[in-house]
Amino acid sequence: MSNINLHTLTARKQAGEKFAVLTAYDACFAHLVSEAGNEMILVGDSLGMVLQGHDSTLPVSVEEMAYHTASVARGNKGSMIMTDLPFMSYATPEQAMDSAAALMAAGGQIVKIEGGAWLAETVSLLAERGIPVCAHMGLTPQAVNKLGGYRVQGRDRDSAKQMIEDAVLLEESGASMLLLECVPSLLAREITQAVDIPVIGIGAGPDTDAQVLVMHDMLGLTPGRPPKFVKNFMADADSVQDAFKAYGDAVRAGTFPGPEHGFE
Ligand code: KIV
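To start, this report covers the structure provided alongside it. This structure is a prediction, so every number in the text was calculated from the model and none was measured.

**Digging into the pattern of salt bridges**
Following the criterion strictly, the structure yields 10 salt bridges and no others. A salt bridge links K112 to D84; its shortest N-O distance comes to 2.8 Å. Of the two residues, K112 is situated in strand β4 (residues 110–114) and D84 in strand β3 (residues 80–84); the sequence distance between them amounts to 28 residues. An identical accessibility class is assigned to K112 and D84; each is buried. What you see here is one network of salt bridges that share partners, running through R12, E17, E39, K245, D249 and R252.

**Digging into the side chain of D84**
Taking the relative accessible area as the measure of exposure, D84 reaches 2% and is therefore buried. For D84, the side chain forms a polar contact with the main-chain nitrogen of D45, separated by 2.7 Å. Here the side chain of D84 touches K112 through a polar contact of 2.8 Å, side chain to side chain. Apart from residues lying up to four places away in sequence, D84 is in contact with L42, V43, G44, D45, M65, L103 and K112.

**A few points about unusual backbone geometry**
In this structure, the amide linkage connecting F256 to the following residue, P257, adopts the cis form with an omega of 0°. Looking at the element boundaries, P257 is found in the segment after α11 (240–253). One non-glycine residue, M88, adopts positive backbone phi at about 65°. Residue position: M88 is located in the loop between β3 and α5 (93–105).

Procedures and definitions
Note that residues are indexed from 1 along each chain, following the sequence as it is written. Thresholds applied to this predicted model are a pLDDT of at least 70 for local features of residues and 80 or more for the giving and counting of side-chain atom pairs; totals over whole chains, interfaces and linings are not thresholded and use all residues. Side-chain measures were taken over the full set of non-hydrogen atoms in the model, leaving aside hydrogen atoms and water. Note on definitions: salt bridges are taken to be side-chain nitrogens of Lys or Arg within 4 Å of carboxyl oxygens of Asp or Glu. The way it works is that DSSP assigns letters per residue, a run of H or I at least four long becomes a helix, a run of E at least two long becomes a strand, and they are numbered from the N terminus. Only protein chains enter the calculation, and the probe is 1.4 Å; a residue is then buried if its accessible area is under 20% of its type maximum, exposed if over 50%, and partly exposed in between. Here a polar contact is recorded for every N or O atom pair within 3.5 Å, except that within protein the pair must consist of a potential hydrogen donor and a potential acceptor, and residues adjacent in sequence are included only if both atoms are side-chain atoms. Should any heavy atoms of two residues lie within 4.5 Å, those residues are counted as being in contact.

Structural measurements only, silent on function.
Next up, the structure:
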């Protein structure tokens with residue numbers, strides 16, 4: 001796969017072509033995810049849960065994210081690398097610049113931060129300094145204690161309206177992408193249509209520009225009942241590589257996620 005970048009992925013949105021994102025946290029899986037043709041790798045702070053065994057993403061540090069981002073960068077074969085700024089590493093715009101600088105130096109190509117309108121100043125400062133930003137909205141796992149659990153967001157009229165306004169503001173502030181987690185499918189479609197930047201979904205229905213899953217979930221490795229938005233691609237695959245390829249093909253073809261993977 002030739003090198004994918006922000007320009008490539010923004011053009012995909014304009015052409016109405018979907019793209020696939022999967023998490024990876026080390027060189028081995030980064031290699032497999034990119035060789036399978038997935039356009040982006042997310043070095044998610046979900047590593048705090050799936051690798052480190054914590055019950056939330058809150059304990060993850062910038063140093064740990066830099067270590068995993070550098071590992072992924074060494075294994076990657078041309079996908080664009082998005083990396084998460086962890087909990088409280090962007091509480092002020094200045095802190096965000098230091099944290100983002102560390103992750104970009106480690107090999108990240110775009111940073112992801114969780115929140116809404118309050119991120120506007122941070123997004124502009126990072127974007128003006130050449131650091132692309134993805135704003136993660138809806139269910140923001142770093143705020144799990146404030147949200148009272150991992151719940152679908154934007155279900156009532158006021159919070160849905162607020163989320164649309166925040167999405168537009170963050171685009172105007174310089175965000176290069178949005179990520180919507182666990183929001184009703186209709187709201188995700190409305191936000192996707194309201195902005196010109198690519199919108200990645202997870203638990204956001206079939207109408208976003210791209211899709212992301214946590215790799216361990218789509219390989220069926222996560223203990224317990226999987227969330228509604230997950231499909232186990234390993235169930236019909238002969239190898240992990242096949243599962244990664246089947247996922248990317250399904251996202252690009254628009255066959256995953258289906259309406260049954262979204263929320264009303
Ligand atoms: O950390 C992560 O893996 C994420 C995804 C759930 C989108 O943010």
